[in-house]
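# Fold and contact review
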Amino acid sequence: MPECRQPIVRRSSPAVHLAPFRSSSGANDVWRTTNSPYATLAVHHEHPIRIMLLSKDYVGYLAREVTKKLIAGKFIETKAAAKVTEKIHASMLEEFSLEDRINDEVRVILEAYSTEMQKTGANYQEMFRKVKNELVRKYKAVL
Amino acid sequence: MRVSRDKVNKVAHVVTDALAEVDEADFVEDRNTIRLEVRKVLEELLNQEERIDQAARHKIENQKRTILEGSQEWDILYRKYYSEEVKKLGM
């Protein structure tokens, strides 16, 4: 399966640039600062089966069915159905996992401000919601 | 449907854009017609997925003792029952 997770990189802080690094196990994503090999932050998915709106398996099924129906209904013509399915699958995974990537970015941002938040007694959930809304607007995301 | 209507529209757009990038795929119908067809297919299949989700949740609720959603046990059972429901559809 092609890697389709696109990085959502913090642009507001020039001091720290984060880029996703896929661990070999594929179980967790690790965000690593590009300017220091020692600063790493592991982001664990809470629900392995639903890392996004739908299970990955079901997204694969969606892609196959959409391809089949477009061809059967003569909406498109192709001799490379597998390639079409692969492309559709990648685009669907990208879109369905957008909220997860935004959530990951919110966690990274809040982690960077954790000391400050503790000092001021800021509510994590409230801050999470605010930062998430901000990022949704920034990326013009549809959740 | 657990996936919002706006999200389905967005996915249909994204899929149509992705299709347009495949050199080996020729559009017989115009782009908007294809997008609407993709949306229709997605809506049908996502309704089906919701039924799978509901069936898995229902099985967990019908256990002799209460299993709290979010617990590890709930996740394991959900995965098991979800897979069973998916297999029933021959996916």
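Quantities reported herein were computed from a predicted structural model and do not represent experimental measurements.

## Points about the overall build of chain B
- When helices and strands are tallied, chain B shows three helices and one strand.
- The N-to-C order of helical and strand elements in chain B reads α-β-α-α.
- In terms of overall dimensions, chain B has C-alpha extents of about 55 × 25 × 20 Å along its principal axes.
- Contacts in chain B between residues at least 24 apart in sequence constitute 50% of all its contacts with a sequence separation of at least 6.

## Side note on the confidence of the model for chain A
Residue and element names in this part refer to chain A.
- Of all residues in chain A, 63% attain a pLDDT of 70 or more, and the chain-wide mean is 74.
- Per-residue pLDDT, averaged within each element of chain A, yields its smallest value for strand β1 (residues 18-22) (36) and its largest for strand β4 (residues 76-78) (97).
- In the predicted structure, residues 1-51 sits below a pLDDT of 50 and forms 63 contacts with residues beyond four places in sequence or in another chain.

## Considerations on the nonpolar core
- Formed by 24 residues in total, the largest nonpolar core has its most connected members in Val59, Val66, Ile88 and Met92 of chain A together with Val15 of chain B.
- Listing elements by their share of this core, those giving two or more residues are α1 (56-72) and α2 (81-96) of chain A together with α1 (5-20) and α2 (31-61) of chain B.
- The contacts of valine 66 of chain A, once residues within four sequence positions are left out, are Ile88 of chain A together with Val15, Val38 and Val41 of chain B.

Reading the values: the criteria
Residues numbered from 1 in each chain as written. Chains lettered and ligands numbered in written order. Predicted model: local features only at pLDDT ≥ 70, side-chain atom pairs only at ≥ 80, totals over all residues. Helix = DSSP H or I, 4+ residues; strand = E, 2+ residues; numbered from the N terminus. Contact = placed C-beta atoms within 7 Å. pLDDT = per-residue confidence, 0-100. Core = buried A, V, L, I, M, F, W, Y, C linked by C-beta atoms within 7 Å. Buried ≥ 20, exposed ≤ 12 C-beta atoms within 10 Å, placed from the backbone.

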